[in-house]
Amino acid sequence: MARKLFTDLDRQSVSKVINDPTPSAAGYAVPKRYVDSAVEGLAWKDSARVSTQGNINLASPGATIDGITMVNQDRALVRSQTAPAENGIYIWNGAAIAMTRSLDASTFPELEQAVISVEEGTDSDSSFRQTEVNGTIDVSAVTWGAFGTSAP
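This one's a predicted model, so the numbers in the text were calculated from it and none came from an experiment. (Residues numbered from 1 in each chain as written. Predicted model: local features only at pLDDT ≥ 70, side-chain atom pairs only at ≥ 80, totals over all residues. Heavy atoms only, no water.)

Draft legend 1. Summary view of the environment of Ser140. Examined against the element boundaries, Ser140 turns out to sit in the loop between β9 (126-130) and β10 (144-146). Classification of Ser140 by relative accessible area gives partly exposed; the value is 22%. Linking Ser140 and Phe108, residues 32 residues apart in sequence, is a C-alpha distance of 8.6 Å. (Helix = DSSP H or I, 4+ residues; strand = E, 2+ residues; numbered from the N terminus. Buried < 20%, exposed > 50% of the residue type's maximum accessible area, 1.4 Å probe, protein only.)

What follows is the structure, given as structure tokens:
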């Protein structure tokens, strides 16, 4: 007797699939253990509106960053400072008001393995990962590199 294969299966939240193998192609089912191991250790952060493309005056950042007009409390990924210890995730408080480190990224442990996506500007739809570990905020370099593929 031939086995019937299902192409779509609606479990209506009453059952689960167990023991799925590791996926080998796009669209294959993914077991939770696979997803957990893929993201282990990453510290996902809320997105930034914009990312810096060069050095910025953190004490008086101006009204725009990377050509984007900023609004009070916008998040910005600062990743191109001449002094790499100044890099990080900041809150824009006004054109002539100092930017402050975001509360979810104000200590070095919070920046370790941080991943953030950028919404607008040159880096729109890009994600970055902070790669330095065991540092001290405002002393150790904070280095952001491209991460994965473009964010949707």
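Draft legend 2. Unusual backbone geometry, seen in detail. Even without a glycine there, the phi angle at Gln73 is positive, about 80 degrees. In this fold, Gln73 is placed in the loop between β4 (68-69) and β5 (74-78). Although it is not a glycine, Asn134 adopts a positive phi angle of roughly 55 degrees. Residue placement: Asn134 occurs in the loop between β9 and β10. Since its relative accessible area comes to 69%, Asn134 is described here as exposed.

Draft legend 3. Here's a closer look at the pattern of salt bridges. Applying the stated rule across the entire model yields five salt bridges. A salt bridge links Arg49 to Glu120; its shortest N-O distance comes to 2.9 Å. Of the two residues, Arg49 is situated in the loop between β1 (43-44) and β2 (50-51) and Glu120 in the loop between β8 (114-118) and β9; the sequence distance between them amounts to 71 residues. Glu120 sits in the partly exposed class, given a relative accessible area of 28%. Connected through shared salt-bridge partners, Arg49, Asp74 and Glu120 make up one network. (Salt bridge = Lys/Arg side-chain N within 4 Å of Asp/Glu carboxyl O.)

Draft legend 4. Structural view of the sheet that holds β9. Ordered in space as β1-β8-β9-β10, the four strands form an open sheet in which the pairing is mixed. Where the open sheet ends on each side, the last strands, each with one partner, are β1 and β10. With three bridges joining them, β9 and β10 adopt antiparallel strand pairing. Bridged to Phe128 within β10 is Ala146. (Pairing = 2+ DSSP bridges.)

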